[in-house]
Amino acid sequence: MAARLDWPLRAAGSMESPGGERVEVMHLDCLGRLDDQGIAAQLGERPIFLSLARYEPFGLAVLEAASAGCALVLSDVASFRELWKGAALFVDPEDAEGAAAAIRGLVEDPDERLRQGSAARTRSSCYGVDAMTSGVVAVFRGCWTGTPVRSLAGAAA
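Residues numbered from 1 in each chain as written. Predicted model: local features only at pLDDT ≥ 70, side-chain atom pairs only at ≥ 80, totals over all residues. Heavy atoms only, no water.

Q: Provide a residue-level description of the pattern of salt bridges, including the pertinent values.
A: Applying the stated criterion to the full structure yields eight salt bridges. Of the charged contacts in the structure, one is a salt bridge between Glu24 and Arg22, with a shortest N-O distance of 3.8 Å. For Arg22, a relative accessible area of 52% puts it in the exposed group. Across the salt bridge formed by Asp76 and Arg81, the nearest N and O atoms sit 2.8 Å from each other. With relative accessibility at 39%, the residue Asp76 sits in the partly exposed group. For Arg81, a relative accessible area of 32% translates into the label partly exposed. Salt bridges here are not isolated pairs; linked through shared partners, they connect Arg4, Glu97 and Arg104. (Salt bridge = Lys/Arg side-chain N within 4 Å of Asp/Glu carboxyl O. Buried < 20%, exposed > 50% of the residue type's maximum accessible area, 1.4 Å probe, protein only.)

And the structure:
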């Protein structure tokens, strides 16, 4: 997918497994392991954030990118769609051209990129510590009173 883009695609993280096997990649600007400040610096540039995970129960990296105001291009898996519908573009994780086209569209339309980044940042506030704490307290209150609790998107908690 990265070979289909005219812009650099940066990847953060180790290129070596715990067992010592190394992965060699082409067409990526490999940043290696970054500390919190390094990640914050990268996300502070508000790049387009891409995750083509085939399975992702939540996605802390996506939340960090959204909180920084990055436009999101995510694989069309149920967990991402549930959490980020309306605040991200979704692509088939097996469709390299579709993913590249989504990124191209955001690069070529800065207004849309900013709109998507703003929507992602707004949505990310639903998943912060305050929201989580309020949700847990509401569940406990519901248990004490026997009242069902509704959370984001009306899902029962």
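Q: Residues and numbers for the packing of aromatic side chains, please.
A: One pass over the full model with this rule turns up two aromatic pairs. Seen in terms of ring centroids, Trp84 and Tyr127 are 5.4 Å apart; in terms of plane orientation they differ by 65 degrees. Their pairing is edge-to-face. Here Trp84, found in helix α3 (residues 78-84), pairs with Tyr127, found in the loop between α5 (110-124) and α6 (129-145); they are 43 residues apart in sequence, far enough to count as distant. Both residues of the pair, Trp84 and Tyr127, count as buried. Aromatic pair Phe140 and Trp144: ring centres 6.1 Å apart, planes at 25 degrees, arrangement stacked. One end of the pair is Phe140 and the other is Trp144, both in helix α6 and four residues apart, which spans about a single turn. (Phe/Tyr/Trp six-rings, centres within 6.5 Å; stacked < 30°, edge-to-face > 60°. Helix = DSSP H or I, 4+ residues; strand = E, 2+ residues; numbered from the N terminus.)

Q: So what's going on with the sheet that holds strand β3 (residues 49-51)? Residues and values would help.
A: Taken in spatial order, the three strands line up as β3-β4-β5 in an open sheet, and their pairing is parallel. Each end of this open sheet is capped by a strand with a single partner; those strands are β3 and β5 (89-91). Within the sheet, the average angular offset between the axes of one strand and its neighbour, ignoring direction, is 15 degrees. Pairing geometry for β3 and strand β4 (residues 72-75), over three bridges, is parallel. Bridged to Phe49 within β4 is Leu72. On top of the sheet, helix α4 (residues 96-108) reaches β3, β4 and β5; it is set at about 160 degrees to β5, its chief contact. (Pairing = 2+ DSSP bridges. Axes fitted to C-alpha atoms, helices over the stretch in contact; angles between N-to-C directions. Contact = heavy atoms within 4.5 Å.)

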